[in-house]
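Tertiary structure, described
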Amino acid sequence: MSGMFRSLRNYNYRVWASGAIVSNVGTWMQRTAQDWLVLTELTRHNATAVGVVMALQFGPQVLLLPLTGFAADHFDRRKLLFVTQATMGVLALGLGVLTIAGVVQLWHVYVFALLLGCVAAFDAPARQTFVAELVDEADLSNAVALNSTSFNAGRMIGPAIAGVLIAAVGTGWVFLINAVSFAAVIASLCLLRREALHSGPRGLHTRGSLLEGFRYVWQRPDLKALLFMLFLIGTFGLNFPIFISAMSVSVFHAGADQYGLLSSIMALGSVAGALLAARRAQPSMAVLLAGAGVFGIGVALAAVMPGFLSFGVVLILVGACAQTFTTSTNSLVQLSTTPAMRGRVIAILLAVALGGTPIGAPLVGWVADTFGPRWALGVGAASGFAAMLVGLRYLVKYHGLRVGFGGGRLRVDFDRRMPAQDVSAEAPRQQA
């Protein structure tokens, strides 16, 4: 099997990936239907309300951070995933029943978004670090990238299916289909060969261990730079439910099927970005800088595109760059973190990536409502350029980055070795 898909040689990873792709499609179907329900059925094209839903759904990533990382490092991740996946299925079922019955109100969506966010806060770090139990360390970066490919394949397929179903039978049935899709993940967890899992050492339950992840990250300049870059893009740049829905309704005057199509078009670029990340043996800071910078350029271009088709074409570039950045960040953090701390550090990463949404989503939604969707995209573009500047500062300070001209060409030189102060005594070494 080719290097791009080498993790699929592993039986446990194949089983897990098979269940995950089904659930990912259902999850993106629900997200699309939920945004459309709020934007067009429960409000009069109120992008701020969509931002509030996103804030409630992703806010628990921050509020519950010490507990979620602790759970991922100290409990059996397989059993924890049984509980979280089943609970999310029940929540999707409840929202679907209310919607089909015709009694759903905006506050219902707010409550379900908050409950789903609380459960997902425990699910996400356990699911991300569970990959390390399925494959060897040498295949971890590839497995992380293939997980992102699966997630974005669902993002590509799910919205398109949701758009068709919303137009044909209504949003409620989309929620019910997502509820059923969680059975695929639960089945895959049952079919895993438990004796082949790479469980590794669990974190020690000691006084102060809930906050140990913060201390660990604080002593690592490389992790602080990565997480700050991710905060900027995750908070202000990855608000595409708002960007795409607002552009679809307010600028292009499109229907649900066209909105779903735009989401799928962007996901096509995300799949391409994830597959490119899977080809790389190791991620690097240089890749993150390129991803952040081109992301900013792509979102700026999207903001000025005159028509539906040209906007969709630029979304492919935006999706590829966004996924290159986020997947490489995830891989780089996992590979440079000691296994016993991985759950807590990944919980911090996810909280930074998604927990900034309560800040960014309402703000971006307000900009879209007040100044127009194109200005909201401008905020997203600025986040990419700001993240690139953070990465450049890190390389200048810790890797001696120098930029100059020689032989009529622009030359960029920096020390690719990791400075000693970047790495704790127990963490593996990485390249910049």
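Residues numbered from 1 in each chain as written. Predicted model: local features only at pLDDT ≥ 70, side-chain atom pairs only at ≥ 80, totals over all residues. Heavy atoms only, no water.

By the naming in an unreviewed UniProt entry, the protein chain is MFS transporter, taken from Dyella koreensis.

**Description of the overall build of the protein chain**
Within the protein chain, the regular secondary structure consists of 17 helices and two strands. A burial count over the protein chain gives 59% of its 432 residues as buried. Of the roughly 17,300 Å² of accessible surface on the protein chain, a fraction of 67% belongs to carbon and sulfur atoms. (Helix = DSSP H or I, 4+ residues; strand = E, 2+ residues; numbered from the N terminus. Buried < 20%, exposed > 50% of the residue type's maximum accessible area, 1.4 Å probe, protein only. Areas by Shrake-Rupley, 256 points an atom, 1.4 Å probe, with all protein chains shown as cover.)

**Considerations on helix H14 (residues 308–335)**
For H14, with 28 residues, the first-to-last C-alpha span of 40 Å sits near the 40 Å given by 1.5 Å per residue. Of all 28 residues that make up H14, 22 are buried, and the element is covered over most of its length. (Expected span 1.5 Å × (residues − 1).)

**Some words on the pattern of salt bridges**
Tallying each qualifying case throughout the model produces six salt bridges. For Arg6, the salt bridge goes to Asp139, with nearest N and O atoms at 3.3 Å. With a gap of 133 residues between them, Arg6 in the segment before helix H1 (11–42) and Asp139 in the loop between helix H6 (106–134) and helix H7 (140–168) connect regions that are remote in the sequence. With respect to class, Arg6 is no different from Asp139; both count as buried. One salt bridge connects Asp73 with Arg344, and the closest N-O pair in it is separated by 2.7 Å. With Asp73 in helix H4 (residues 65–74) and Arg344 in helix H15 (residues 342–355), this pair connects stretches of sequence that are 271 residues apart. (Salt bridge = Lys/Arg side-chain N within 4 Å of Asp/Glu carboxyl O.)

**Here's the deal with the environment of Ala272**
Within the secondary structure, Ala272 sits in helix H12 (residues 256–279). Judged by relative accessible area, Ala272 falls into the partly exposed class, the value being 36%. Sequence separation between Ala272 and Gln323 is 51 residues, and the spatial gap between their C-alpha atoms is 8.3 Å.

**Things to note about the nonpolar core**
Counting residues in each nonpolar core, the largest one holds 93 residues, and the members touching the most others are Met229, Phe240, Phe295 and Phe311. With ten residues, H14 is the largest single contributor of residues to this core. In contact with Phe240, not counting residues within four places along its chain, are Arg155, Ser245, Met266, Phe295, Val299, Leu315 and Val318. Met4, Ala17, Leu81 and Ala278 belong to the second largest nonpolar core, which has 26 residues in total. (Core = buried A, V, L, I, M, F, W, Y, C linked by side-chain atoms within 4.5 Å. Contact = heavy atoms within 4.5 Å.)

**Quick notes on the confidence of the model for the protein chain**
Overall, the predicted model of the protein chain reaches an average pLDDT of 83, with 89% of residues at or above 70. Throughout residues 423–432 the model reports pLDDT below 50, and contacts reaching past four residues in sequence, or to other chains, amount to 30 contacts. (pLDDT = per-residue confidence, 0-100.)

**Considering the packing of helix H2 (residues 47–58) against helix H16 (residues 357–371)**
For the pair H2 and H16, interaxial distance at closest approach is 8 Å and the crossing angle is 175°. Relative to H16, the element H2 is oriented roughly antiparallel. From H2, Ala47, Thr48, Gly51, Met54, Ala55 and Phe58 reach across to H16, where they touch Thr357, Pro358, Ala361, Pro362, Gly365, Trp366, Ala368 and Asp369. A breakdown of the residues in the contact of H2 with H16 according to their chemical character gives nine nonpolar, four polar and one charged. (Axes fitted to C-alpha atoms, helices over the stretch in contact; angles between N-to-C directions. Parallel < 35°, antiparallel > 145°, perpendicular 65-115°, else oblique. Nonpolar A, V, L, I, M, F, W, Y, C, P; charged D, E, K, R; others polar.)

**Quick word on the packing of aromatic side chains**
One pass over the structure, following the stated rule, counts nine aromatic pairs. A centroid spacing of 6.5 Å and a plane angle of 15° characterise the contact between Phe228 and Phe231, whose relative ring orientation is stacked. You can see Phe228 and its partner Phe231 sitting in helix H10 (residues 221–236), three residues apart, about one turn around the helix. Judged by relative accessible area, Phe228 falls into the partly exposed class, the value being 43%. According to the relative accessible area criterion, Phe231 is partly exposed, its value standing at 26%. Taken together, a centroid distance of 6.1 Å and an interplanar angle of 85° make the contact between Phe252 and Phe308 edge-to-face. Of the two residues, Phe252 sits in the loop between helix H11 (240–251) and H12 while Phe308 sits in helix H14, which places them 56 residues apart along the sequence. Taking the relative accessible area as the measure of exposure, Phe252 reaches 16% and is therefore buried. With relative accessibility at 19%, the residue Phe308 sits in the buried group. Three or more aromatic residues link up through ring pairs in this structure, and these residues are Phe240, Phe243 and Phe295. (Phe/Tyr/Trp six-rings, centres within 6.5 Å; stacked < 30°, edge-to-face > 60°.)

**Digging into a nonpolar patch on the surface**
The grouping of Val294, Ile297, Leu301, Val304, Leu317 and Phe385 at the surface amounts to a nonpolar patch, some 470 Å² of accessible area in total. With four residues, the top contributor of residues to the nonpolar patch is helix H13 (residues 285–304). Looking at the element boundaries, Ile297 is found in helix H13. A relative accessible area of 44% means that Ile297 is categorised as partly exposed. (Patch = residues over 30% accessible without salt bridge, like charges linked within 9 Å, V, L, I, M, F, W, Y side chains within 5 Å.)

**Brief notes about unusual backbone geometry**
The phi dihedral of His45 falls on the positive side, at around 55°, and the residue is not glycine. Inspection of the secondary structure assignment puts His45 in the loop between H1 and H2. In this structure, His253 takes a positive phi of about 50° despite not being glycine. In this structure, His253 sits in the loop between H11 and H12.

**Comments concerning the environment of Gly307**
Relative to the helices and strands, Gly307 resides in the loop between H13 and H14. In this structure, the C-alpha to C-alpha distance between Gly307 and Phe252, residues 55 residues apart in sequence, is 7.2 Å.

**Re the environment of Thr84**
Take Thr84: it is sitting in helix H5 (residues 77–100). A relative accessible area of 4% places Thr84 in the buried class. In this structure the C-alpha to C-alpha distance between Thr84 and Ala121, which are 37 residues apart in sequence, comes to 9.3 Å. Other than its neighbours up to four places away in sequence, Thr84 contacts Val119, Phe122 and Asp123. Within the structure, the side chain of Thr84 is placed 3.2 Å from the backbone oxygen of Leu81, a separation counted as a polar contact. (Polar contact = N/O pair within 3.5 Å; in protein donor to acceptor, adjacent residues only side chain to side chain.)

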